[in-house]
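# Summary of structural features
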Amino acid sequence: MKIPTVEDMRAIDQNAIDNLGIPAALLMENAGNAAVEMMRECLGDCRGGFACIFIGPGANGGDGLVIGRRLAQMGCKPLFMMLVDPEQLTGEAAANYATIRKMGIPTLQMQPQRLASACDTMFRETQSAGRPCYAVIDAIFGIGLNRPTEGIFAEAIVWINRVRSDHNTPIVAVDCPSGLRLNTGRVAGPCVKADYTACFGYPQPGHLMADGKEVCGELHVLNIGLTGQNSGEEGGAILLADEALAKKMVIPLSRPANCHKGDHGHLLICGGSPGKTGAAILAARGALRAGAGLVSMVASSVLLPTYAAALVEAMAVVVPGTHIGQANLAAILAACDGKSALAIGPGLGLGASQEELALRLYLEAPLPMVVDADAITLLAKHPDELPQAEYPRVFTPHPGELGRLLRCSSSEVQRDRLAAVRRASEMLNQNQRHHVVLLKGSGTIIASPDEQLFINATGNVGMAAGGMGDVLTGVIGALIGQDMSLTKATVVGAYLHGLAADMLLPKTGIGYLASEVADAVALARRSLMP
């Protein structure tokens, strides 16, 4: 599924009106009807209840008016909380306001600084009359909000969130929770915390990442006539890496009956140091569970017993000493022979010797390479050399590491994650367009060398724990060795990694381990295979 930006979504709407002959009034009617059907599926029959519907300016308020009208026809009493003067409504919103007035449905004009008192009174009196609250509906702001909410709109948002907390009342957001910026997923100022969000046609980036995953609740993408011939499902600058896309991408992972381990890649992992052996072990474990035919770990002789005891399925390329460093460059380059990919960084260490090793391997290793953790921090000190790698590289930073690459703070990265990933991709691909960037976090983002962006649909808050990124490094490296392009290996790797965690969360709750995620990757992979 494609993920249009706010600007793209406006163009899709306008195309439906101008070129497909779908009137704007019909689109609004379809949106309201689809939202009501979603509510009936999620909340059950509305008959005999009441709904508080907050009407803001513009088309989002018009959608709310349609929703209220439909609920009234089904036996639910709508309480229209008007946050704007009805005289200011225009177009289809004004027409729908006129319709409800003709139907005799009253509206309540909210006044600044009096909203909470008025809403409390109406809520209490309607409940006392024997009607339960079916839902509170946020139809204040739609997709175009680009400033903090304030004034009476902020008052309404505060009241909506309070009634949700105090009365356990379901909150339904139309288009998006008011206060959420849909191009970035960031919240500035008060924002509705919805239980259900009805978005129309396609999700926008902010629904799926950053604060959006927290405030949207259950996201329902509803068809109102914008999809299909209007625009290609597979096209677009941003795609959702969901189950449907992942199943298409994993086709190369199917195995013939007469295959053997040599057919499925040999990943070389360069990482680990005293006190950080776990990072390299987790990467190797993730790789094996992702189906790598063979995994070898570059192991200092002092640490070899630790690795051998922790993961008997992995092999070792033994180098002398306690740390892997520049002195081992020739041995590691020689070990690249016959391997399908190299992963560098997990637990490597941040000394001068490791810095020189990371730089030389980055520039010279004749393999696809996954660059993670300490290797990113070390390479960030050499910005002029980052575009010089001759062979393809996958960078897998968290926001702090991406900030080091871009010479900015992690908060700047988080402020606009899509823009940060684009900047990193442009920087790395100045000379040869074959490097991939993956930004970890809520709504992991992947940028391909050809500027295609993906937002991953899997993963949960339990993954905010040590070792998770090391597992991902191994998974991606393993998939590269199984006849997957770097972009597909990265997209599928992120999806499998998050899916494995999603499988664990219902069983264990928060507190599952990175090693458990690694072990669950095999089951996640099986669920995608035909």
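A few points on the structure. Nothing here was measured: the structure is a model prediction, and the numbers come from that model.

## Comments concerning the packing of aromatic side chains
Counted by the stated rule, this structure contains five aromatic pairs. Geometrically, the ring pair formed by Tyr-362 and Phe-395 is edge-to-face, given 5.7 Å between the ring centres and 75° between the ring planes. One end of the pair, Tyr-362, is in helix 13 (residues 352–364); the other, Phe-395, is in strand 16 (residues 393–395), and 33 residues separate them in sequence. Among the residues examined, Phe-395 registers a relative accessible area of 0% and is labelled buried. Among the aromatic residues, ring-to-ring pairing joins Phe-50, Phe-54, Phe-123 and Trp-159 into one connected group.

## What about the pattern of salt bridges?
Pairing between side chains of opposite charge can happen when their charged atoms approach one another. Evaluated as defined, the whole model comprises 16 salt bridges. The partner of Glu-243 in a salt bridge is Lys-247, with the nearest N and O atoms 3.2 Å apart. Of this pair, Glu-243 and Lys-247 both sit in helix 9 (residues 243–249), four residues apart, which is roughly one turn of that helix. In this structure Glu-243 comes out as partly exposed when scored by relative accessible area, which is 40%. In this structure Lys-247 comes out as partly exposed when scored by relative accessible area, which is 38%. We note a salt bridge from Glu-356 to Arg-360, for which the minimum N-O separation is 3.7 Å. Pair noted here: Glu-356 and Arg-360 are both in helix 13, with a separation of four residues, about one helical turn.

## Quick word on helix 1 (residues 6–18)
The end-to-end C-alpha separation of helix 1 is 18 Å, in line with the 18 Å expected for 13 residues at 1.5 Å each. Residues Val-6, Met-9, Ile-12 and Ala-16 constitute the buried set of helix 1. The arc that holds every buried residue of helix 1, seen down its axis, measures 115°, which confines them to one face. Residues of helix 1 that are buried make contact with helix 2 (24–43) and strand 8 (196–200).

## Regarding the sheet that holds strand 17 (residues 436–439)
A sheet is described by the order of its strands in space; here 10 strands give the open sequence 10-19-18-17-16-15-14-11-12-13, paired in mixed fashion. Looking at which strands have only one partner, the edges of the open sheet turn out to be strand 10 (238–241) and strand 13 (315–319). Strand-to-strand twist across the sheet, computed as the mean angle between neighbouring axes with direction ignored, equals 20°. The pairing of strand 11 (residues 266–270) with strand 14 (residues 341–344) spans four bridges and is parallel. Following the sheet pairing, Cys-270 is matched in strand 14 by Ile-344. Along the sheet face, helix 10 (residues 277–289) touches strand 11 and strand 12 (294–300) and points at about 170° away from the line of strand 12.

## Quick notes on the pairing of strand 8
With respect to burial, strand 8 is a largely interior element, five of its five residues being buried. Examined bridge by bridge, strand 5 (residues 171–174) and strand 8 share three bridges and lie parallel to one another. Note that in strand 8 the partner of Val-172 across the bridge is Tyr-196. Summarising the sheet, strand 8 and strand 9 (residues 218–222) pair through five bridges and their orientation is parallel. Pairing of Ala-198 across the sheet is with His-220, part of strand 9.

## Examining helix 20 (residues 514–528)
An ideal rise of 1.5 Å per residue puts 21 Å on 15 residues; helix 20 measures up with 21 Å between its terminal C-alpha atoms. Of all the bends in helix 20, the greatest, near 35°, is centred on Ala-520. Within the span of helix 20, buried status applies to Ala-514, Val-517, Ala-518, Ala-520, Val-521, Ala-524, Arg-525 and Leu-528. Here the buried face of helix 20 lies against helix 9, helix 10, helix 18 (468–480) and helix 19 (486–508).

## Remarks on the pairing of strand 4 (residues 133–139)
Summarising burial for strand 4: seven of the seven residues are buried, a large majority. As judged from the six bridges shared by strand 1 (residues 50–55) and strand 4, these two strands associate in the parallel manner. Bridging across to strand 4, Phe-54 finds its partner in Asp-138. Of the pairings in the sheet, the one linking strand 4 to strand 5 comprises three bridges and is parallel in character. What sits directly across from Val-136, in strand 5, is Ile-171. Of the crossover connections in this fold, the one passing from strand 4 over helix 6 (residues 151–167) to the parallel strand 5 is right-handed.

## Focus: the side chain of Arg-69
Within the secondary structure layout, Arg-69 lies in helix 3 (residues 58–73). The residues touching Arg-69, leaving out its near neighbours within four places in the chain, are Glu-29, Phe-80, Asn-96, Thr-99, Ile-100 and Met-103.

## Side note on the sheet that holds strand 8
Strand order across the open sheet formed by seven strands is 3-2-1-4-5-8-9, with parallel pairing between neighbours. The open sheet has two free edges, formed respectively by strand 3 (107–109) and strand 9, since each of these has just one partner strand. Across the sheet, the mean angle from the axis of one strand to that of its neighbour is 20°, orientation sign disregarded. Helix 3 rests against strand 1, strand 2 (77–82), strand 4, strand 5 and strand 8 of the sheet, and its axis sits at about 160° to strand 4.

## Re unusual backbone geometry
At Gln-113, a residue that is not glycine, the phi angle is positive and equals roughly 70°. The phi dihedral of Arg-407 falls on the positive side, at around 60°, and the residue is not glycine. Here Arg-407 is to be found in the loop between helix 15 (399–406) and helix 16 (410–415).

## Quick notes on the state of the cysteines
A complete count under the given rule lists zero disulfides for this structure. The closest cysteine sulfur to the non-disulfide-bonded Cys-133 is located on Cys-52, 4.9 Å from its own sulfur. Taking relative accessible area as the criterion, Cys-133 reaches 15% and is therefore assigned buried.

How each quantity is defined
- Counting of residues starts from 1 at the beginning of each chain's written sequence and follows it residue by residue.
- Only residues with pLDDT of 70 or above have their local features reported here, since the model is predicted, and side-chain atom pairs are shown and tallied only from 80 upward, although totals for entire chains, interfaces and linings are computed over all residues.
- Only hydrogens and water are set aside; all other atoms, that is, all heavy atoms of the structure, feed into the side-chain values.
- Two aromatic rings from Phe, Tyr or Trp, using only the six-membered ring of Trp, form a pair when their centres are within 6.5 Å; if the ring planes differ by under 30 degrees the pair is stacked, by over 60 it is edge-to-face, and anything between is tilted.
- A helix here means a DSSP run of H or I that spans at least four residues, while a strand means a run of E at least two residues long, and both kinds are numbered starting from the N terminus.
- Throughout, exposure labels follow a simple rule: accessible area from a 1.4 Å probe, protein chains only, divided by the maximum for the residue type, with under 20% read as buried, over 50% as exposed, and the rest as partly exposed.
- Salt bridges are counted wherever a side-chain nitrogen of Lys or Arg sits within 4 Å of a carboxyl oxygen of Asp or Glu.
- In this scheme, a helix's expected span is set at 1.5 Å multiplied by one less than its residue total.
- Think of it as the arc spanned by the lines of direction from the helix axis to the C-beta atoms.
- Any two residues whose heavy atoms approach within 4.5 Å are treated as being in contact.
- DSSP-based pairing: two strands are paired if at least 2 bridges between them are found.
- Structural elements are reduced to axes, namely lines fitted to C-alpha atoms, with helices fitted over the stretch in contact, and the angle between N-to-C directions of any two is expressed from 0 to 180 degrees.
- Here the bend at a residue is taken as the angle between two axes, fitted respectively to the seven residues that end there and the seven that start there.
- With strands facing away from the observer, any crossover in which the path from the first strand over the helix to the second runs clockwise is taken as right-handed.
- Any two cysteine sulfur atoms lying within 2.5 Å of each other are counted as a disulfide.

Without other data, these values stay purely geometric and don't point to any function.
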